[in-house]
There are 2 protein chains.
Amino acid sequence: MAQKPSIPKGTRDFSPAEVAKRHYIIAVIKSNFEKFGFQPIETPSFENSETLMGKYGEEGDRLIFKILNSGDYLAKADPIVLQNKESNKLTSSISEKALRYDLTVPFARYVVQHQNEIEFPFKRYQIQPVWRADRPQKGRFREFFQCDADVVGSKSLWQEVELVQLYDSVFTQLGLEGVTIKINNRKILSGIAEVIGAKDKLIDFTVALDKLDKIGEDGVKKEMVEKGISESAIEKVQPLFNFKGTISEKIDQLSLLLAASEEGMKGVEELRFICENVSNLGLNTAILDLDVTLARGLNYYTGAIFEVAPPKSVSMGSIGGGGRYDDLTGIFGLKDMSGVGISFGLDRIYLVIEELNLFPETVTSTSKALFINYGEKEALYSMKAITKLRSFDIKVELYPDNVKVAKQFQHADKRAINYAVIVGETEMKEEKFSLKNLISGEQFLVDFEGLKTALL
Amino acid sequence: MAQKPSIPKGTRDFSPAEVAKRHYIIAVIKSNFEKFGFQPIETPSFENSETLMGKYGEEGDRLIFKILNSGDYLAKADPIVLQNKESNKLTSSISEKALRYDLTVPFARYVVQHQNEIEFPFKRYQIQPVWRADRPQKGRFREFFQCDADVVGSKSLWQEVELVQLYDSVFTQLGLEGVTIKINNRKILSGIAEVIGAKDKLIDFTVALDKLDKIGEDGVKKEMVEKGISESAIEKVQPLFNFKGTISEKIDQLSLLLAASEEGMKGVEELRFICENVSNLGLNTAILDLDVTLARGLNYYTGAIFEVAPPKSVSMGSIGGGGRYDDLTGIFGLKDMSGVGISFGLDRIYLVIEELNLFPETVTSTSKALFINYGEKEALYSMKAITKLRSFDIKVELYPDNVKVAKQFQHADKRAINYAVIVGETEMKEEKFSLKNLISGEQFLVDFEGLKTALL
């Protein structure tokens, strides 16, 4: 192989510095998940195809990575299908397994499969990679991690309150102050659709309304009319074009607007409970905002809808999202199991923290000190100290080879190791170590205790 | 879907209790890897097929999971191949990617691809799942984690010394005292083959010799003769049939036995350096032993060979292994890059710790206390305390629904939560909490500070 090897498009290698930063974010998310009572599960990377297929729409089915059966996989294939090269028809006969596309469907499968062992309400979190055969582009990968927390088996709105707190807690701990947690409710959207008398135009309506800041009230209304929403319908929700104020003011406006819609009013009450209690309990640094244009996951969310926008100084899409779905496990035959959950967008959170320069300097996997190798005797003396230092959980290492000293110092520099330890005849005789600070250039002669204290 | 959903054979779901235990082991391994100066990398779950194919022998190629190309994958397939249903020939035209089979080949690929960014010697660790289309059986899975640490770019034997220490450090910290780290050297094996004048019989020789305890010297010799090893050859290595004593005594014996073999003597010297320095530095709880029948990885190891046996009270195969390979990256065109590494067998280590009942009781992901839900007002009062407790990193939760109290206590019991917090009219009026120890049954009235202290 003359050519340098490469990796499939849309996938990534992570260097030590990148892994350290990713694991720092994951550790913060994980510890907060657990603090809020969520427990981890892990599911296999691949599922039986019938578990995944048909759960994400036609587009989703196309984007699921299928695994070829082992052995003589063509043996049972239909000769006609082969002859006609009908890829679509062939797939199910040569592939029985597929890579996980998200964590929600495997979670639903897990809940149904293990329903007799699970104690409900079940608060689970899951941090694992998923795979999608999407066209790779900036910030979109074919393999990426999802970080999900869901509660299943309770309709209590306290869950929604806690999920808002959970977002606030994670982003505060990551130093990402000023994220906006947008909230909406599917029932509000249904109410609006009812009021404008056009259920099928709901998406057009919210997409247009979302452009208010950009194209102004007249522009939005023009677009709505073009999409076939009548002027009289638009008139009925006129307050939405000047939808300002505190959350509770907004909720009051919605309450008037949706008075005629039973479902809409249910949504208003849910929102009110969640927002009032979040306000009672307080948030650290995040801002909760009601956004009636928020319409993500319209196909499955039935109650609250969440989306998190990064601090305003960063231009980036949402860094989290979630909502309530009343029938999580129905697809696998277990009815009436309500769920609510949120997800953290690891890759985007990484980019935001990087852009704002918020990774702590301590986030690194490098060693505290490099012992310079001056030969076998010195190396043994060094290794004795290294062995003891490690027993105190101090990360140190010996340069393995007795090569030119300049090269060894260069190694420390390139590895961003801040201290070198030098051991020669003098040090060995006096049972000491020369400790050199590679940033300041200062050098001290210390005994083992001094070494330990400096590197702890 | 009437039938309960299931997962592909050879894969596993991990429950919260299992994940907590697995992550405990991984955390110990990881922190030790870093303490010894290894840095993490992560590579994609799937690689280009040409990266993996042909690297693990014919059997390996068969066991690699292939991913079906997306879209109209049959378009470019050879019609004749399809007509003849030649699965083997078709594969490369309908599948370009494959799931990682181990962590070593992706590591070699990584080193070659990123050689200009890497600072050598490069000490990397990698803890990720791998996939093999093996026939599943007890303790053998189609998806499992590998935990590898390797150094590439140095031939220093101090690496081998440190890898022995690393094994000792991890197993000591896991409470697995008395593991045996068996060491051998490929050059010793070559020396033996040279002395018995039968390079091709080396495996037969070591397999037979390994049965010494079971079938005795005569039995072993009989088997060797049956395998075609001459009696005069066997005579030449007679000392191996009574190969006892300390490591240094064994090394002295080998030194006499292999005096005629240059390569064998090189192996003796390497072994001596490693074992003497391990002895100089001392081990905590592990036992280092020289085992000349250890012949794993004979196809790729060129120097030291390691294998770790669990404590003698447990009947289980090896829980770790590794060795030195002089040409790790040659398959990808980068020559003369020596590597040495070890691997930890996560699944088996789990089983051993479970069998010896060595998982600390603190290894759990469950909450410290469950607040009983007596209604909206009480829940808000509870949530205020919960919010404050979580700010001190204390894992607590509210039962989300106001259901029968007995059911809520049952929930705490099934979740193995040890405390319940009860908030009624009295507690709210007095700004107190009733804290009930669910194991002893004792109940105390405490203020917030008391609650915090009890749950910290």
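Owing to the predicted nature of the structure, the values given are computational and were not obtained by experimental measurement. (Residues numbered from 1 in each chain as written. Chains lettered and ligands numbered in written order. Predicted model: local features only at pLDDT ≥ 70, side-chain atom pairs only at ≥ 80, totals over all residues. Heavy atoms only, no water.)

A. Spotlight on the relation of the copies chain A and chain B. Note on the copies: chain A fits chain B at an RMSD of 0.0 Å, the axial shift is 0.0 Å, and the rotation between them is 180°. As the rotation angle and translation indicate, the two copies are arranged about a two-fold axis. For chain A, the residue whose C-alpha comes nearest the rotation axis is I67 of chain A, separated from it by 2.2 Å. Here 100% of the interface residues in chain A have copies in chain B that are interface residues too; the copies meet face to matching face. (Least-squares fit on C-alpha atoms with pLDDT ≥ 70 in both. Contact = heavy atoms within 4.5 Å.)

B. Up close: the packing of helix α7 (residues 158-173) of chain B against helix α13 (residues 262-281) of chain B. All names here are of chain B. Relative to each other, α7 and α13 sit at 50°, their axes nearing to 9 Å. By the angle between their axes, α7 is oblique relative to α13. The way α7 lies across α13 gives a crossing that is right-handed. Each of W158, E160, V161, V164 and Q165 in α7 lies in contact with α13, whose residues at this interface are F273, I274, N277, V278 and L281. (Axes fitted to C-alpha atoms, helices over the stretch in contact; angles between N-to-C directions. Helix = DSSP H or I, 4+ residues; strand = E, 2+ residues; numbered from the N terminus. Parallel < 35°, antiparallel > 145°, perpendicular 65-115°, else oblique. Left-handed = near helix turned anticlockwise from the far one by under 90°.)

C. Here's a closer look at the domain arrangement of chain A. The domain architecture assigned to chain A consists of domain 1 (16-64 + 101-355) and domain 2 (369-455). Taken over C-alpha atoms, the centre of domain 1 of chain A sits 52 Å from the centre of domain 2 of chain A. (Domains from an automatic or database assignment.)

D. Focus on the UniProt feature "binding site: L-histidine" (unreviewed entry) in chain A. All names here are of chain A. Taking the numbering used here, the UniProt-annotated feature "binding site: L-histidine" (unreviewed entry) corresponds to D102, L103, T104, R132, Q146, D150, R296, Y300 and Y301. Residue position: T104 is located in helix α6 (residues 104-113). In this structure T104 comes out as partly exposed when scored by relative accessible area, which is 26%. Apart from the residues within four sequence positions on either side, T104 is in contact with D148 and L328. Dropping the residues within four chain positions of it, Y300 is found in contact with R324 and Y325. (UniProt positions renumbered as here; feature names shortened; annotations may be inferred. Buried < 20%, exposed > 50% of the residue type's maximum accessible area, 1.4 Å probe, protein only.)

E. Layout of empty space enclosed by the protein. Counted according to the given criterion, the structure contains one cavity of 30 Å³ or more. Roughly 30 Å³ of volume is contained in the largest cavity. Along the walls of the largest cavity sit L370, E397, Y399, P400, H411 and R415 of chain A together with P121 and K123 of chain B, which together make up its complete lining. (1 Å grid on protein atoms, 1.4 Å probe; cavity = no way out; pocket = protein on both sides within 12 Å on 5 of 7 lines; lining within 4 Å. Points joined across faces, edges and corners; volume = space filled by probe spheres on them.)

F. How the structure looks around the side chain of R415 of chain A. Among the secondary structure elements, R415 of chain A is positioned in the loop between α16 (405-414) and β14 (419-422). Discounting chain neighbours no more than four positions away, the residues touching R415 of chain A are T366, S367 and E397 of chain A together with G37, Q39 and E119 of chain B.

G. The arrangement of the pattern of salt bridges in detail. A full pass over the atoms with the stated rule returns 59 salt bridges over all chains. D347 of chain A is the partner of R22 of chain A in a salt bridge, and the nearest nitrogen-oxygen pair spans 3.2 Å. One end of the pair, R22 of chain A, is in helix α1 (residues 16-35); the other, D347 of chain A, is in helix α14 (residues 346-355), and 325 residues separate them in sequence. A residue is classified by how much of its surface remains accessible, and R22 of chain A, at 3% relative accessible area, is buried. For K201 of chain A, the salt bridge is made with D200 of chain A, and the minimal N-O distance between the two is 3.3 Å. Taken together, the shared-partner salt bridges in this structure form one network comprising K123 and E162 of chain A together with R390, E397 and R415 of chain B. (Salt bridge = Lys/Arg side-chain N within 4 Å of Asp/Glu carboxyl O.)

H. Layout of unusual backbone geometry. All names here are of chain A. Put simply, F120 and P121 share a cis peptide bond, and its omega is -10°. With respect to the helices and strands, the residue P121 is situated in the loop between α6 and β5 (122-131). Phi is positive for D393, which is not a glycine, with a value near 65°. By secondary structure assignment, the location of D393 is in the loop between α15 (376-391) and β13 (396-398). Exposure remark for D393: the relative accessible area of 55% places this residue in the exposed category.

I. Seen up close, the interface of chain A and chain B. Facing the 108 residues of chain A at the interface are 109 residues of chain B. With both chains or domains summed, chain A and chain B bury close to 9400 Å², and 56% of this area falls on carbon and sulfur atoms. Connecting chain A to chain B are 12 salt bridges. A salt bridge links E397 of chain A to K123 of chain B; the nearest nitrogen and oxygen atoms lie 3.9 Å apart. In this structure, the connection of chain A to chain B is made through 52 residue pairs in polar contact (both at pLDDT 80 or more). Examining the composition of the side of chain A that touches chain B, we find that seven residues originate from one element, α15 of chain A, more than from any other. When grouped by side-chain class, the residues that make up the side of chain A that touches chain B number 45 nonpolar, 31 polar and 32 charged. (Buried area = accessible area lost by both parts, 1.4 Å probe. Polar contact = N/O pair within 3.5 Å; in protein donor to acceptor, adjacent residues only side chain to side chain. Nonpolar A, V, L, I, M, F, W, Y, C, P; charged D, E, K, R; others polar.)

J. Focus on the pairing of strand β10 (residues 320-325) of chain B. The element β10 of chain B is largely enclosed, with a buried count of six among its six residues. Alternating positions in β10 of chain B separate into two faces, G320, G322 and R324 of chain B on one and G321, G323 and Y325 of chain B on the other, with burial throughout.

K. Just the environment of F359 of chain A, in detail. Residues and elements named next belong to chain A. One can find F359 in the loop between α14 and β12 (369-371). A C-alpha to C-alpha distance of 28 Å links F359 and E42, two positions 317 residues apart in sequence. Those residues within four positions of F359 in sequence are excluded, and the remaining contacts are K21, Y24, I25, Y350, I353 and E354.

L. Local environment of the sheet that holds strand β15 (residues 433-437) of chain B. Residue and element names in this part refer to chain B. Read from one edge of the open sheet, five strands run β13-β12-β14-β15-β16, paired in mixed fashion. A single partner strand is all that each edge strand has here, and the edge strands are β13 (396-398) and β16 (443-446). With strand direction ignored, the average angle separating the axes of adjacent strands in the sheet is 25°. Here four bridges tie strand β14 (residues 419-422) to β15, and the two strands are oriented antiparallel to one another. Of the residues in β15, the one forming a bridge with Y419 is N437. (Pairing = 2+ DSSP bridges.)

M. View of the sheet that holds β12 of chain A. Residues and elements named next belong to chain A. Read from one edge to the other, the open sheet built from five strands follows the order β13-β12-β14-β15-β16, with strand pairing classed as mixed. The two strands at the open ends of the sheet, each matched to only one other strand, are β13 and β16 (443-446). Direction aside, neighbouring strands of the sheet carry axes that sit 25° apart on average. With four bridges joining them, strand β15 (residues 433-437) and β16 adopt antiparallel strand pairing. Its bridge partner lying in β16, L435 is registered against F444. The sheet contacts of α16 involve β12, β14 and β15, and relative to β12 the element is tilted by about 160°.

N. Examining the packing of aromatic side chains more closely. Evaluation of the coordinates by the stated rule reveals 33 aromatic pairs over all chains. Residues Y56 of chain A and Y101 of chain A carry aromatic rings whose centres are separated by 4.3 Å and whose planes lie at 50° to one another, so their mutual orientation is tilted. Residue Y56 of chain A is located in the loop between α2 (49-52) and α3 (57-63), and its partner Y101 of chain A is located in the loop between β4 (97-99) and α6; the two are separated by 45 residues in the primary sequence. Of the two residues examined, Y56 of chain A and Y101 of chain A, each falls in the buried class. Ring-pair connections join several aromatic residues into one group, and the members of that group are F33, F38, Y125, Y167, F171 and F344 of chain A. If you follow R124 of chain A out to its NZ or CZ, it ends over the ring of F107 of chain A, 3.9 Å from the centre. Taking NZ or CZ as reference, R132 of chain B lies 4.1 Å from the ring centre of Y101 of chain B, over its face. (Phe/Tyr/Trp six-rings, centres within 6.5 Å; stacked < 30°, edge-to-face > 60°. Lys NZ or Arg CZ within 6 Å of the ring centre and 35° of its normal.)

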